[in-house]
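# Structural characterization, general
If you want the building blocks of each chain, they are given just below.
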Amino acid sequence: MTSAPGNLYAHCLETAKFIQDQVPQELRAPAVGVICGSGLGGLADTVEDGARFDISYSDIPNFPQSTVQGHAGKLVFGYLGKSKTPAVLMVGRAHFYEGHNIDKTAFPVRVMKLLGVKVVVVTNAAGGLNPDFEVGDICLLNDHINFPGLSGLHPLRGPNAEEFGPRFPPMSDAYDLELRKSVHTAYKKLQLSIPTRRLHEGVYAFVSGPSFETRAECRLLRLLGADVVGMSTVPEIIAARHAGMRILAMSLVTNKAVLEPGPRGDAQVEGDVQNIMEEGAANHLEVLEAGKMAANDMQSLVRLVVDELPDITERRPLPVSEQQ
């Protein structure tokens, strides 16, 4: 059941107030929110030494719990980058496939809005559909395909929560161009230190999971224009855009999707049949390992990008007023 908008806003306010009461005063108004995807919890290490506060999701009222390996399940408050930008990081997220309502997966983003976050940086682990993408590459998202949303599983379904934003928010401009430009600038500064980790731009296909995609599904997604595929991120993007927050999203390519059809049952094949079918198959442990290997590079990229945010935020006001 989808929460009524009045209850949703009340629950978000309750949660935001609880968090503010727990967090040290100097960290209570983060300007940037970072969502750490599978295996990318090391992004929390981007927080500057000194002032830092951690709080477990299990201690926060109304907050969705994450049960997936590689998602620690805590909020980290602190300062990011040389600019010491106040930030909150979600180390792990809740997914629709865990049994949460689709609007519940977007709940933390709405709480971020009430805490004062203006820019949301979303990261995820994704399968590479574009044959030019290699494991370990980073895809800067410039659009998405919301498959569950097209069939009615949408985080804004039901009466509109006017406190956050308008009834029909646009998504054509969801992926902030100015912020994407800042990523390319930051990457060029880092390129000498990470020559094997390429930066692309592309389209993210959101599917519900929890099974990885079939070969035919991968071909369909690629045919429709998707470059990477994953089981998160889009509900958060929609909620953030609805609330007038600026959005930057990046996927770490942790496996290459298998696009070729498998051999027919009446075909002559050489070698072990089971090995042929399993070749290239995705598994979650590989996703976590790829995330671990990329953590330092993702940390460096995020830190550089955040250092540019204060000036960018000053130059362009939010499209909607703060809802506090």
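Everything quoted here is computed from the prediction, not taken from an experiment. (Residues numbered from 1 in each chain as written. Predicted model: local features only at pLDDT ≥ 70, side-chain atom pairs only at ≥ 80, totals over all residues. Heavy atoms only, no water.)

## Observations concerning the overall build of the chain
The number of helices and strands found in the chain is nine helices and nine strands. Here the chain holds 324 residues, and the buried ones make up 52% of them. Excluding contacts between residues fewer than 6 apart, the proportion of contacts in the chain whose partners are at least 24 apart in sequence is 83%. About 14,500 Å² of surface is accessible on the chain, with carbon and sulfur atoms providing 52% of the total. (Helix = DSSP H or I, 4+ residues; strand = E, 2+ residues; numbered from the N terminus. Buried < 20%, exposed > 50% of the residue type's maximum accessible area, 1.4 Å probe, protein only. Contact = heavy atoms within 4.5 Å. Areas by Shrake-Rupley, 256 points an atom, 1.4 Å probe, with all protein chains shown as cover.)

## Topic: the pairing of strand β5 (residues 119-128)
By the criterion of burial, β5 is predominantly enclosed, with 10 of the 10 residues buried. In terms of strand pairing, strand β1 (residues 32-36) meets β5 through four bridges, oriented parallel. Paired with isoleucine 35 across the strands is valine 122, a residue of β5. As judged from the two bridges shared by β5 and strand β8 (residues 228-230), these two strands associate in the antiparallel manner. By the bridge assignment, glycine 127 is partnered in β8 with valine 229. (Pairing = 2+ DSSP bridges.)

## Observations regarding the packing of aromatic side chains
As enumerated under the stated definition, the model contains three aromatic pairs in all. Arranged with centres 5.3 Å apart and planes meeting at 75°, the rings of tyrosine 9 and phenylalanine 164 form a pair that is edge-to-face. With tyrosine 9 in helix α1 (residues 5-22) and phenylalanine 164 in the loop between α4 (147-150) and α5 (177-190), the pair connects residues that are 155 residues apart, well separated along the chain. The same class applies to tyrosine 9 as to phenylalanine 164, namely buried. Here the aromatic rings of tyrosine 57 and phenylalanine 63 are separated by 4.8 Å at their centres, their planes lie at 40°, and the arrangement is tilted. Tyrosine 57 gets classed as buried once you look at its relative accessible area, which sits at 1%. Site record: aromatic cluster; members linked through ring pairs are Tyr57, Phe63 and Phe107. Seen from the ring of phenylalanine 107, lysine 104 lies directly overhead, with NZ or CZ sitting 4.6 Å from the centre. Taking the ring centre of phenylalanine 168 as reference, the NZ or CZ of arginine 167 above it sits at 5.9 Å. (Phe/Tyr/Trp six-rings, centres within 6.5 Å; stacked < 30°, edge-to-face > 60°. Lys NZ or Arg CZ within 6 Å of the ring centre and 35° of its normal.)

## Describing the pairing of strand β7 (residues 199-206)
Of all eight residues in β7, seven are buried; the element is thus mostly enclosed. The sheet contact formed by β7 and β8 spans three bridges and is parallel. By the bridge assignment, phenylalanine 206 is partnered in β8 with glycine 230. A crossover connection joins β7 to the parallel β8 through helix α6 (residues 215-223); in handedness this β-α-β unit is right-handed. (Right-handed = clockwise from strand over helix to strand, strands pointing away.)

## Comments concerning empty space enclosed by the protein
Counted according to the given criterion, the structure contains three cavities of 30 Å³ or more. Estimates place the volume of the second largest cavity at around 50 Å³. Arg93, Ala94, His95, Phe96, Thr105, Phe206, Met231, Ser232, Thr233, Pro235 and Glu236 together form the lining of the second largest cavity. Partitioned by chemical class, the residues of the lining of the second largest cavity number five nonpolar, four polar and two charged. (1 Å grid on protein atoms, 1.4 Å probe; cavity = no way out; pocket = protein on both sides within 12 Å on 5 of 7 lines; lining within 4 Å. Points joined across faces, edges and corners; volume = space filled by probe spheres on them. Nonpolar A, V, L, I, M, F, W, Y, C, P; charged D, E, K, R; others polar.)

## Observations concerning the UniProt feature "binding site: a purine D-ribonucleoside" (unreviewed entry) in the chain
Under the UniProt annotation, "binding site: a purine D-ribonucleoside" (unreviewed entry) lies at Glu213 and Asn255. Spanning 43 residues, the named residues nonetheless gather at one spot, since no C-alpha pair among them exceeds 11.9 Å. In contact with glutamate 213, not counting residues within four places along its chain, are Val207, Cys218, Leu221, Val229 and Met231. Tracing the backbone shows asparagine 255 in strand β9 (residues 246-256). The buried category is assigned to asparagine 255, whose relative accessible area is 12%. (UniProt positions renumbered as here; feature names shortened; annotations may be inferred.)

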